[in-house]
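What follows is each chain in one-letter form.
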Amino acid sequence: MGTENQVGVIVVSAGRGSRMGTQESKQYLMLEDKPIIMHTLDIFEQMPLVKEVVLVTGADDIPRCEQWIRDYGLGKVTKVIAGGSERQQSVYNGLMEIGTEWVMVHDGVRPFVEPEHIEACYRKALQEGAAVLAVPVKDTIKQVNDSGTILATPDRRSLWAIHTPQAFRLSDLKRAHERAAADGFAGTDDSMLVERLGIPVAVVEGSYTNIKITTPEDLEYAAFMQKRKGEKKG
Ligand SMILES: Nc1ccn([C@@H]2O[C@H](COP(=O)(O)OP(=O)(O)OP(=O)(O)O)[C@@H](O)[C@H]2O)c(=O)n1
Ligand SMILES: C[C@](O)(CO)[C@H](O)COP(=O)(O)O
């Protein structure tokens, strides 16, 4: 089945970036020639699979984002809307603006996600109903109590670090968000909310380079990654 112009993408970019510790919100920091968020949006702009993109950003940042979108010719971005105080609310605001049967939610501060992994995540969701990009953890992970004492060491073979995009039926994700809001449940990703409905979510292995730019160290790595991308293009 053709997958051209199929999926709506919500790119969430309304956070404050407090862990980055910069005056400017991290998603607007320059990465080589343009703001991080514009690198991320351009990935989806170049994908035939993507029908529309809704950018969710800070209310005060809407005008400059709209100008950048014009400057960089990001025609697939159909709306730029205000987010909420939590990521979950920002995603929900985006859901209200998307009209496609399938939706992908992506962090605006993940500018190194690879198109083939985005497509693989979407195709897996078409097959299984829902899918997320992830990578197997490399470190041993332990559960630790508030006193700093180790409680348990889960079997590493079953542990994955979950990334974005995350792909769902729009109707399922809306229902999941509405159920979570009704229950006062706050999740750290969208998959958690869908899992709560009993909907199976599949994992698709992506890449360790699909980092979420969160702290200053990530910014250094991002600069290295961007340089390497430029060298590969030649
Ligand atoms: N209220 C929020 C919080 C986060 N995000 C977005 O969700 C993504 C992942 O969130 P995170 O990396 O935690 O960003 P911040 O919340 O900005 O970071 P911090 O927790 O350090 O403040 C980011 O693209 C961020 O802009 C959002 O759209 N709305
Ligand atoms: C959605 C996410 O990127 C999956 O790993 C992550 O949970 C976002 O967490 P954050 O604290 O909002 O950055």
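Structure first, text after, so check above.
Since the structure is predicted, the reported quantities are computational estimates derived from the model, not experimental observations. (Residues numbered from 1 in each chain as written. Chains lettered and ligands numbered in written order. Predicted model: local features only at pLDDT ≥ 70, side-chain atom pairs only at ≥ 80, totals over all residues. Heavy atoms only, no water.)

### Focus on the site of ligand 1
Then, number 1: Taken together, the neighbourhood of ligand 1 is formed by 19 residues, with Gly17, Ser18, Arg19, Lys26 and Ser90 sitting nearest.
Then, number 2: Among the elements of the structure, strand S1 (7-13) and helix H3 (87-95) are those that each provide at least two residues to the shell around ligand 1.
Then, number 3: Each residue belonging to the shell around ligand 1 can be placed in one class, and the counts come to three nonpolar, nine polar and seven charged. (Near = heavy atom within 4 Å. Helix = DSSP H or I, 4+ residues; strand = E, 2+ residues; numbered from the N terminus. Nonpolar A, V, L, I, M, F, W, Y, C, P; charged D, E, K, R; others polar.)

### Looking at the site of ligand 2
Then, number 1: The environment of ligand 2 is formed by Arg19, Arg87, Asp107, Arg110, Ile162, Thr164, Thr188, Asp189 and Lys212.
Then, number 2: Within the side chain of Arg19, one N or O atom sits 3.2 Å away from an oxygen atom of ligand 2.
Then, number 3: For ligand 2, whose free accessible area comes to 360 Å², the fraction covered by protein is 73%.
Then, number 4: Here the residues of the shell around ligand 2 are counted per class, giving one nonpolar, two polar and six charged. (Polar contact = N/O pair within 3.5 Å; in protein donor to acceptor, adjacent residues only side chain to side chain. Areas by Shrake-Rupley, 256 points an atom, 1.4 Å probe, with all protein chains shown as cover.)

### What about the sheet that holds strand S5 (residues 77-82)?
Adjacent strands of a sheet form backbone hydrogen bonds with each other and so pair up, either parallel or antiparallel.
Then, number 1: Spatial ordering of the open sheet is given by S5-S4-S1-S6-S10-S7-S11, a layout of seven strands whose pairing is mixed. Two strands close off the open sheet at either side, each with one partner strand: S5 and strand S11 (202-205). Across the sheet, the mean angle separating the axes of adjacent strands is 25° when strand polarity is ignored.
Then, number 2: Set on the sheet, helix H5 (residues 170-183) makes contact with strand S6 (102-107) and strand S10 (160-169); between it and S10 the angle comes to about 115°. (Pairing = 2+ DSSP bridges. Axes fitted to C-alpha atoms, helices over the stretch in contact; angles between N-to-C directions. Contact = heavy atoms within 4.5 Å.)

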